[in-house]
Amino acid sequence: MKITGYRSLTTTHDWGRPVGDVNGVVESGVTEVPILLLETDGGLTGIGLGQHVDIARVFPAVEGQDPRAVTALYDSMLAHVFKSGHAGATYGAIAAIDMALWDLKAKMADEPLWRTLGALDRFVPGYASGLCYGLPDDAFAAHYRDWASRGFSSAKIKGGRDTARDIGRLLTARDILSVNTSRPAMMLDVNEAWNVKQAVRHLAEIEAQLDLTWVEEPVRRWDAEGHARISRACRAAVATGENLTGLDQFTPLFDARAVDVVQTGSVWGITHFLRVATAAHARNLPVSPVGYNANPVAHAAAAMPNMIGIEVQDWNAPRGLKVDQVVTDGGIRLGDAPGLGIEIDEAALANGAAPGWNSSGGPHRRPRHAGLRLVPDGPQAAE
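Residues numbered from 1 in each chain as written. Predicted model: local features only at pLDDT ≥ 70, side-chain atom pairs only at ≥ 80, totals over all residues. Heavy atoms only, no water.

1. As for the pairing of strand β10 (residues 237-240)
Argument step 1. Residue alternation in β10 divides its side chains into two sets, Ala237 and Ala239 and Val238 and Thr240, and both sets are buried.
Argument step 2. Examined bridge by bridge, strand β9 (residues 214-216) and β10 share 3 bridges and lie parallel to one another. Paired with Glu216 across the two strands is Ala239, which belongs to β10.
Argument step 3. Crossover handedness for the path β9 to helix α8 (residues 224-233) to β10: right-handed.
Argument step 4. Pairing analysis gives 2 bridges linking β10 to strand β11 (residues 261-265), with the strands arranged parallel. Its bridge partner lying in β11, Ala239 is registered against Val261.
Argument step 5. Where the polypeptide runs from β10 across helix α9 (residues 247-255) and back to β11, its parallel neighbour, the crossover connection is right-handed. (Buried < 20%, exposed > 50% of the residue type's maximum accessible area, 1.4 Å probe, protein only. Helix = DSSP H or I, 4+ residues; strand = E, 2+ residues; numbered from the N terminus. Pairing = 2+ DSSP bridges. Right-handed = clockwise from strand over helix to strand, strands pointing away.)

Laid out in structure tokens, this is it:
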């Protein structure tokens with residue numbers, strides 16, 4: 001079987017609530033979901049999810065190749081863009097192809113990807129992450145009651161602008177999740193909104209009120225020294241890595257002992273997660289991938305011995321996608337459908353991209369004064 005071509009589609013995911021973080025919120029709660037279809041001469045099609053705008057530049061590295069050679073083709077794609085760089089949008093294209101290759105490999109074996117990757121158990125433990133920064137207090141509490149009803153006993157709250165508000169929300173979610181455990185695990189995601197000294201001050205205030213399991217991206221993603229200083233100054237673990245691409249970007253964090261929970265974004269592909277997770281395992285560090293649309297990396301997470309929990313952001317699938325998994329019992333239960341377990345009804349897909357996700361005020365745009373605010377609710381707070 002050979003790879004012959006590709007197609008790109010777009011659908012939308014309706015979260016049913018405003019979603020975002022300290023950097024911005026999509027009030028409509030509707031976001032676009034890019035889909036890559038990798039075609040073969042054997043009648044099978046591989047599915048990859050995530051932005052892949054640089055696909056035309058990367059695809060020649062895999063065209064005409066046997067899709068079963070996934071890891072070799074991953075390295076071939078990296079080599080193909082050697083001089084021009086592989087981060088950002090280019091890495092997104094590599095990741096979408098990589099995901100589709102793994103989907104094809106498992107489909108050719110007529111088994112779910114978690115089986116192909118050697119997992120023993122189809123259940124992947126997780127934690128709730130509602131991208132909840134834009135929710136008012138009542139809706140925030142109602143949302144985490146829904147997570148509690150699905151068996152979750154841990155949650156990550158979006159914060160970083162107002163410490164008092166962050167503490168209040170962490171305590172609210174902790175009390176709600178206490179129906180499932182006497183000691184819920186509570187995490188705070190700052191999304192790079194602090195500088196080092198702000199992080200030390202704010203975490204001291206937070207830890208005086210509750211047991212914080214980890215703080216995520218307290219400072220800029222590449223700041224190994226800063227993350228190390230914060231980790232030494234607080235009791236909570238420091239988590240980071242979801243926005244880093246390739247082992248080379250993780251090396252400074254490992255060398256500085258700056259990360260306690262190693263994260264990877266699902267949008268960077270299956271092979272990326274497997275390699276980062278193995279590097280973390282060699283250092284006795286847990287790994288936690290970011291679950292996203294259809295949670296494709298959950299298949300790989302099921303096979304890793306140091307997986308501490310996958311971030312679960314929603315329990316519904318994007319429009320037109322049928323996904324063989326269930327969010328229940330505090331995690332994701334994967335099914336037996338071959339590959340990633342994703343079926344696409346092209347007739348049901350939304351037309352075009354959803355407005356707002358990458359708009360000037362969305363969560364993917366860093367505010368001008370992030371990390372530079374002296375007073376959280378001052379005149380610079382909304383920028």
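Additional details are given in the paragraphs that follow.
2. Examining the domain arrangement of the protein
Argument step 1. Assigned domains within the protein: domain 1 (3-110) and domain 2 (115-344).
Argument step 2. On a C-alpha basis, the centroid separation for the pair domain 1 and domain 2 is 22 Å.
Argument step 3. Summing the contributions of domain 1 and of domain 2, the shared interface buries around 3,400 Å²; its carbon and sulfur component is 63%.
Argument step 4. Taken together, the links from domain 1 to domain 2 amount to 2 salt bridges. (Domains from an automatic or database assignment. Buried area = accessible area lost by both parts, 1.4 Å probe. Salt bridge = Lys/Arg side-chain N within 4 Å of Asp/Glu carboxyl O.)

3. Thoughts on the pattern of salt bridges
Argument step 1. The tally for this structure, following the rule as stated, stands at 18 salt bridges.
Argument step 2. A salt bridge links Arg7 to Glu346; the nearest nitrogen and oxygen atoms lie 2.8 Å apart. One end of the pair, Arg7, is in strand β1 (residues 3-14); the other, Glu346, is in the segment after β17 (342-344), and 339 residues separate them in sequence.
Argument step 3. Given the relative accessible area of 34%, Arg7 is considered partly exposed.

4. Focus on the environment of Thr71
Argument step 1. Turning to its location among the elements, Thr71 is positioned in helix α2 (residues 70-80).
Argument step 2. The exposure class of Thr71 is partly exposed, given its relative accessible area of 41%.
Argument step 3. Between the C-alpha atoms of Thr71 and Phe254, which are 183 residues apart in sequence, the distance is 23 Å.
Argument step 4. In this structure, Thr71 is in contact with Trp102, Thr271 and Arg275, ignoring residues within four places of it in sequence. (Contact = heavy atoms within 4.5 Å.)

5. As for the sheet that holds strand β5 (residues 45-49)
Argument step 1. The strand order β1-β4-β5 describes an open sheet built from 3 strands, whose pairing is antiparallel. Each edge of the sheet is formed by a strand with only one pairing partner; in this case those strands are β1 and β5. Put simply, the sheet's adjacent strands are angled 25° from each other on average, direction ignored.
Argument step 2. Relative to β5, strand β4 (residues 30-40) is paired through 5 bridges, and the arrangement is antiparallel. Residue pairing for β5: Leu37 is matched across the bridge by Ile47.
Argument step 3. Sitting on the sheet, helix α3 (residues 88-108) is in contact with β1, β4 and β5, with an inclination near 140° to β5. (Axes fitted to C-alpha atoms, helices over the stretch in contact; angles between N-to-C directions.)

6. Re the packing of helix α5 (residues 137-149) against helix α6 (residues 163-177)
Argument step 1. Across the interface, α5 lies against α6 with an axial gap of 9 Å and an inter-helix angle of 35°. The interaxial crossing formed by α5 with α6 has right-handed handedness. Contacts between α5 and α6 involve Asp137, Phe140, Ala141, Tyr144, Arg145 and Ala148 on the former and, on the latter, Arg169, Thr172, Ala173, Ile176 and Leu177.
Argument step 2. Classifying every residue of the contact of α5 with α6 gives 7 nonpolar, 1 polar and 3 charged. (Left-handed = near helix turned anticlockwise from the far one by under 90°. Nonpolar A, V, L, I, M, F, W, Y, C, P; charged D, E, K, R; others polar.)

7. Considering the side chain of Ser288
Argument step 1. Among the secondary structure elements, Ser288 is positioned in strand β12 (residues 287-290).
Argument step 2. A relative accessible area of 1% places Ser288 in the buried class.
Argument step 3. Only 2.5 Å separates the side chain of Ser288 from the backbone oxygen of Gly309, close enough to count as a polar contact.
Argument step 4. Ignoring any residue separated from it by four or fewer positions in sequence, one finds Ser288 in contact with Tyr127, Trp214, Val261, Val262, Gln263, Thr264, Ile308, Gly309, Ile310 and Glu311. (Polar contact = N/O pair within 3.5 Å; in protein donor to acceptor, adjacent residues only side chain to side chain.)

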